[in-house]
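So you can see what is in the structure, the chains are spelled out below.
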Amino acid sequence: MKRYTNILHSNPVGIVLNLLWVYICYEICRLAFLAENWGLYSAQITWNDFWHITLGGWRFDTSAIFYTNALIILLYLFPLHIKEKRGFCLVTKWLYVIINSACILMNLADSVFFEFRKHRSSMAIFDEFKGDNNLGGIVGVEIVSHWYFVLLAIAMIIFLWKCYRYPGTPTKPRKGYYLTQIASLVIIAPIAVCGMRGNTFFTATRPISVNYAHKFVKEPIQTGIVLNTPFSMIRTVNQMAKNTPEFFKTQAELDAVYTPLHVPADSLTTRRKNIVIFIIESFAQEFVGALNKDLDNGTYKGYTPFTDSLLQHSLYYEQSFANGGFSIDAIPAVLASIPRMDRPFVLSPHSLNHINSLASEVKNMGYSTAFFHGADNESLGFNAFVKQAGVEKYFGKTEFIADPRFGGKDEFDGKWGIWDEPFLQFFCAEIGELPQPFLASVFTLSSHHPFAVPEKYKDVFVDEGLHKLHKCIRYTDYSLKRFFEEAKKQDWYNNTIFIITADHASSKRTHDVYMGEVGGFRVPLIFFDPSGELPRGKHPGIVQQMDIMPTMLNYLGYDRPYIAFGKDMFNTPTEETWAFNWDFYPQYFKGDYVMRTDGTNITEIYNYKADPLLKDNLKGKFDKELEKEMYGEMCALIQSYMQRMNSDNVTAKN
């Protein structure tokens, strides 16, 4: 093996060069993918677009390359002399060539099959082709007809073999050998982990997923260029799509019970109202005093004096629920009427599906759209999903800091992002510059661990004695008040519907009524119209986050069909209102009752109003007709969802 005398021949440089050759092969595969599928892209992509897509694609390439080469990096930088022995070096080289050759073949094969599926292959492919006895014949025919890909693969494999750089050894033993080898491994290891994540621990709370590819494209089908197949496979391990259940044997039977297809009424009243949606971090119903007037014999005050006052002039419902228990569940539910179905939509095998959303549909009515989140712009992958949902502009911490009007970096909370008060002032100013009518949504963050408020308010919003979160809720409520004080001065204010909800309830529940599992999904859902056109007060019925999209589209007089898994609350009889969520198990709310199943059979039925802690299971003691009705409706929702998601049929065909 070659020995080294300077940094250019050191092992860290050697592994970097070996990974560089793999990057080159991945980019060649990307170009081959584009060439093979040019007919799908020629009318919608420019070389400028391709360059932007490629820059995004390198992040996914990095993740796949560091995942698949993790063992090779470890063996190459192993801090013992054995790694420099000829036999060990050859084993490492063979692993390097075999593993990366497999990745090359996966990418090139997917270039051929992409036109049939319009998605990069995921782990679901093994389920799709299970039991297909003709698969070998299909592959054989494609290999012959795409002989040029075979030659390209051979050329790249030879390139990797020839260019592979062996580990070097010092020209003479040195006392610092083990120290320098260990230091190299210690330095490169965190770089490799960040590479696998596709981001750093400081810029994002979770690794990139396949859904994140939407950030770099204009059309969903372009995610095929951004992604690579090894990444799609790795990221969808343990995310196999569930088989479509067959509770109903025919489509007609299913549609008679439930369909997410919303068709416009024969007569419409068109309204060009602005829509502003607040998604408040951990804003549980428990915290809102006006929604809990009966608690503690009428003495319960809550922590939201401004929201309490706003409720006197707003429309809200007797029962309101979140469709999931996590922040990443809320955005699909609120903006696209997509519930969590045992896992977050953005982490599911369906995350690359074509979808419609409140944003994509109101654009057909001439609306401008924007989404705001005070955290790092890549936090939680919100920027990727809202782009998939058709939102035109994204404003995060980066845009706030670049604006000198509201305090810049001084308003960073040191943990998550920008404090709610200045960020909501920024939100108010920016939406005032959007062309009307507009749809704008903001996701707040100050009511989050570590439960702090700005220094200037530490003696104003004090610890409530029950939990530190309560002072944050008071601060966020005050921030809302400050927003509305400023918004009232704007010319768009009276022509706007404001919707206030939460991403999810809080785990820091303190009141007995909310300690049960149903309490963990109770969130406010408030409609406020300053013009007074909407009715006000508490209305009977059950509302959920995914009802926002169909309710607003129908109220605006939208004249096209669309898919939304929720219901139009303004035109649904009280007795037909319901809510659904699936965290650990499916549960369906209707009337006074909640039903749970194990996915196949009913396991529990409770009167959640009279029995909020769910102690008295009514299964076997329940009205058989109502039980059958509720179970059928829940099954129809699940079957319809799975059927449409598994076939990428989540948009209305106009």
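Scroll up to find the structure this text is about.
Peer 1: An account of the overall build of the chain is requested, with residue identities and associated values reported.
Peer 2: On a plain count of helices and strands, the chain comes out with 21 helices and 16 strands. For 654 residues, the compact-globule formula gives about 26 Å, and the C-alpha radius of gyration of the chain, at 28 Å, lands near that figure. With respect to the principal axes defined by its C-alpha atoms, the chain has extents near 85 × 65 × 50 Å. In the chain, which comprises 654 residues, the share counted as buried stands at 56%. Look at the contacts in the chain between residues 6 or more apart in sequence, and 74% of them connect residues 24 or more apart. Summed over its atoms, the accessible surface of the chain is roughly 27900 Å², and 58% of this surface lies on carbon and sulfur atoms.

Peer 1: With reference to specific residues and values, describe unusual backbone geometry.
Peer 2: Geometrically, the link from Gln436 to Pro437 is a cis peptide bond, its omega value of -5 degrees lying close to zero. Looking at the secondary structure, you find Pro437 in the loop between helix H18 (420-431) and strand S8 (438-443). Cis rather than trans, the peptide bond between His449 and Pro450 has omega equal to 20 degrees. Along the chain, Pro450 turns up in the loop between S8 and helix H19 (469-487). Phi angles above zero are rare outside glycine, and Asp296 is one such case at about 50 degrees. Topologically, Asp296 is positioned in the loop between strand S4 (274-280) and helix H13 (305-311). For Asp296, a relative accessible area of 39% translates into the label partly exposed. Of note, Ser337 is a non-glycine position whose phi angle comes to about 55 degrees, a positive value. Tracing the backbone through its elements, the reader meets Ser337 in the loop between helix H14 (327-336) and helix H15 (358-362).

Peer 1: Can you lay out the pairing of strand S10 (residues 525-528) for me, pointing to particular residues and giving the numbers?
Peer 2: The two faces of a sheet get side chains in turn, since along a regular strand they alternate between them. Going residue by residue along S10, you find Leu525 and Phe527 tucked away on one face and Ile526 and Phe528 tucked away on the opposite face as well. Summarising the sheet, strand S9 (residues 496-502) and S10 pair through 4 bridges and their orientation is antiparallel. Across the sheet, residue Ile499 finds its bridge partner in S10, namely Phe527.

Peer 1: Outline the pattern of salt bridges, supporting the account with residue identities and numerical values.
Peer 2: Evaluation of the coordinates by the stated rule reveals 24 salt bridges. A salt bridge links Asp529 to Lys273; its shortest N-O distance comes to 3.3 Å. In this pair, Asp529 sits in the loop between S10 and strand S11 (537-544) while Lys273 sits in the loop between strand S3 (261-262) and S4, placing the two residues 256 residues apart along the sequence. Lys273 gets classed as buried once you look at its relative accessible area, which sits at 3%. For the salt bridge of Asp403 with Arg405, the shortest nitrogen-to-oxygen distance reads 2.6 Å. Residue class for Arg405 comes out partly exposed when judged on its relative accessible area of 45%.

Peer 1: Tell me about the side chain of Asn211, residues and numbers included.
Peer 2: Relative to the elements of secondary structure, Asn211 occurs in the loop between helix H9 (177-197) and helix H10 (223-226). The exposure class of Asn211 is buried, given its relative accessible area of 2%. For Asn211, the residues in contact, after removing those within four places along its chain, are Val346, Ser351, Leu352, Ala384, Phe385 and Gln388.

Peer 1: Give me empty space enclosed by the protein: which residues, what numbers.
Peer 2: In the structure shown here, the tally under the stated rule is 4 cavities of 30 Å³ or more. Roughly 60 Å³ of volume is contained in the second largest cavity. As for the second largest cavity, its lining consists of 13 residues, of which Arg206, Pro207, Tyr212, Leu380 and Gly381 are closest to the centre. Residues belonging to the lining of the second largest cavity are distributed by class as follows: 6 nonpolar, 5 polar and 2 charged.

Peer 1: Tell me about the environment of Thr180, and name the residues and values.
Peer 2: When you line up the elements, Thr180 lands in helix H9. Judged by its relative accessible area of 37%, Thr180 is partly exposed. Taking C-alpha positions, Thr180 is 61 Å from Cys635, a pair spaced 455 residues apart along the chain.

Peer 1: A description of the sheet that holds strand S13 (residues 578-582) should follow, citing residues and the corresponding values.
Peer 2: Strand order in this open sheet of 4 strands is S13-S14-S15-S16, and the pairing throughout is antiparallel. Since the sheet does not close on itself, it has two edges, and those belong to S13 and strand S16 (602-607), each with one partner. Neighbouring strand axes in the sheet, compared pairwise and without regard to direction, differ in orientation by 15 degrees on average. Set on the sheet, helix H21 (residues 624-646) makes contact with S13, strand S14 (586-590), strand S15 (593-597) and S16; between it and S14 the angle comes to about 125 degrees.

Peer 1: Give me the packing of helix H1 (residues 11-36) against helix H8 (residues 147-163): which residues, what numbers.
Peer 2: Viewed as axis vectors pointing N to C, H1 and H8 meet at an angle of 170 degrees, and their least axial separation amounts to 10 Å. When the axes of H1 and H8 are compared, the pair comes out roughly antiparallel. Residues Asn18, Trp21, Val22, Ile24, Cys25, Ile28, Cys29, Ala32 and Glu36 of H1 touch H8, and the partners they reach there are Tyr148, Phe149, Leu152, Met156, Phe159, Leu160 and Cys163. Its residues assigned to classes, the contact of H1 with H8 shows 14 nonpolar, 1 polar and 1 charged.

Peer 1: Could you give me a rundown of the pairing of S4, with the residues and numbers involved?
Peer 2: Burial analysis of S4 places 7 of its 7 residues in the buried class, the great majority of the element. Every second residue of S4 is oriented toward a common face, with Asn274, Val276, Phe278 and Ile280 on one face and Ile275, Ile277 and Ile279 on the other, all of them buried. Where S4 lies against S9, 7 bridges are found, and the strand directions are parallel. By the bridge assignment for S9, Phe278 is matched with Ile500. With 5 bridges connecting them, S4 and S8 associate as parallel partners. Bridge assignment links Val276 to a residue of S8, and that residue is Ala440.

Peer 1: If you had to explain the packing of helix H3 (residues 47-68) against H9 to someone new, which residues and values would you point to?
Peer 2: Axis separation between H3 and H9 bottoms out at 6 Å; the angle between their running directions is 125 degrees. One element, H3, and the other, H9, form an angle in the oblique class. As for the relative orientation of H3 and H9, their crossing is left-handed in sense. Along the contact surface, H3 presents Thr62, Ser63, Phe66 and Tyr67, while H9 presents Ala192, Gly195 and Met196.

Peer 1: Tell me about the packing of aromatic side chains, and please be specific about residues and values.
Peer 2: The description of an aromatic ring pair uses the distance of the two centres, along with the angle that the planes make with each other. Counted by the stated rule, this structure contains 58 aromatic pairs. Considering the side-chain rings of Phe33 and Tyr41, the 6.3 Å spacing of their centres and the 45 degrees angle between planes classify their relative orientation as tilted. Aromatic side chains Tyr558 and Tyr562 sit 6.1 Å apart centroid to centroid with 55 degrees between the ring planes, which places their arrangement in the tilted category. Just as Tyr558 is buried, Tyr562 falls in that class too. Taking NZ or CZ as reference, Arg120 lies 4.3 Å from the ring centre of Phe33, over its face. Directly above the aromatic system of Tyr555 lies the positively charged group of Arg271, at a separation of 4.0 Å from the ring centroid.

Peer 1: Please give an account of the environment of Arg235 that cites residues and values.
Peer 2: Its location among the elements puts Arg235 in helix H11 (residues 229-235). Residue class for Arg235 comes out buried when judged on its relative accessible area of 15%. Separated by 223 residues in sequence, Arg235 and Pro12 have C-alpha atoms that sit 28 Å apart. Setting aside anything within four residues of it in sequence, one finds Arg235 in contact with Ser63, Tyr67, Met196, Arg197, Pro207, Ile208, Ser209 and Val210.

Peer 1: Can you break down a nonpolar patch on the surface residue by residue, with the values?
Peer 2: Taken together, the side chains of Ile143, Trp147, Tyr148, Val150, Leu151, Ile154 and Ile158 present a nonpolar region at the surface, about 670 Å² in accessible area. Looking at the nonpolar patch element by element, the count peaks at 6 residues for H8. Relative to the helices and strands, Ile143 resides in helix H7 (residues 135-145).

About the criteria used
- Numbers given to residues run from 1 along each chain, matching the order in which its sequence is written.
- Thresholds applied to this predicted model are a pLDDT of at least 70 for local features of residues and 80 or more for the giving and counting of side-chain atom pairs; totals over whole chains, interfaces and linings are not thresholded and use all residues.
- Side-chain measures here rest on the full set of heavy atoms in the structure, leaving out hydrogens and waters.
- The helix count covers DSSP runs of H or I at least four residues long, the strand count covers runs of E at least two residues long, and both are numbered beginning at the N terminus.
- Here the globule rule is a power law, 2.2 Å times the number of residues to the power 0.38, and the radius of gyration is based on C-alpha atoms.
- Type-normalised accessible area, obtained with a 1.4 Å probe on protein chains alone, sets the label of each residue: buried when under 20%, exposed when over 50%, and partly exposed for intermediate values.
- A contact between two residues is defined here by any heavy atoms of the two lying within 4.5 Å.
- All accessible-area figures derive from a Shrake-Rupley calculation using a 1.4 Å probe, and residue coverage is judged against the displayed protein chains alone.
- Any two strands with at least two DSSP-identified bridges between them are counted as paired.
- We define a salt bridge as a contact between a side-chain nitrogen of Lys or Arg and a carboxyl oxygen of Asp or Glu at a distance within 4 Å.
- Buriedness of a pocket was judged along seven lines, with at least five required to meet protein on both sides within 12 Å; pockets are open sets of points on a 1 Å grid over the protein atoms alone, cavities are sets where a 1.4 Å probe fits but cannot get out, and lining residues have an atom within 4 Å of a point.
- Grid points are joined across faces, edges and corners, and a volume is the space filled by probe spheres set on the points.
- In this classification, the charged set is Asp, Glu, Lys and Arg, the nonpolar set is Ala, Val, Leu, Ile, Met, Phe, Trp, Tyr, Cys and Pro, and all remaining amino acids, among them Gly, are polar.
- What counts as an axis is a line fitted to C-alpha atoms, over the stretch in contact for a helix, and the angles between N-to-C directions run from 0 to 180 degrees.
- Angular relationships are summarised with four words: roughly parallel below 35 degrees, roughly antiparallel beyond 145, roughly perpendicular across 65 to 115, and oblique for the angles in between.
- Handedness of a crossing follows from how the near helix is turned relative to the far one, being left-handed for an anticlockwise turn of less than a right angle and right-handed for a clockwise one.
- Two rings from Phe, Tyr or Trp (for Trp, the six-membered ring) form a pair when their centres are within 6.5 Å of each other. A pair whose planes differ by under 30 degrees is stacked, one over 60 is edge-to-face, and the rest are tilted.
- Consider the ring centre and the ring normal. A charge sits over the ring if Lys NZ or Arg CZ is within 6 Å of that centre and within 35 degrees of that normal.
- Only residues above 30% relative accessible area that lack a salt bridge enter a patch, with like-charged residues linked at up to 9 Å and the nonpolar side chains Val, Leu, Ile, Met, Phe, Trp and Tyr linked at up to 5 Å.

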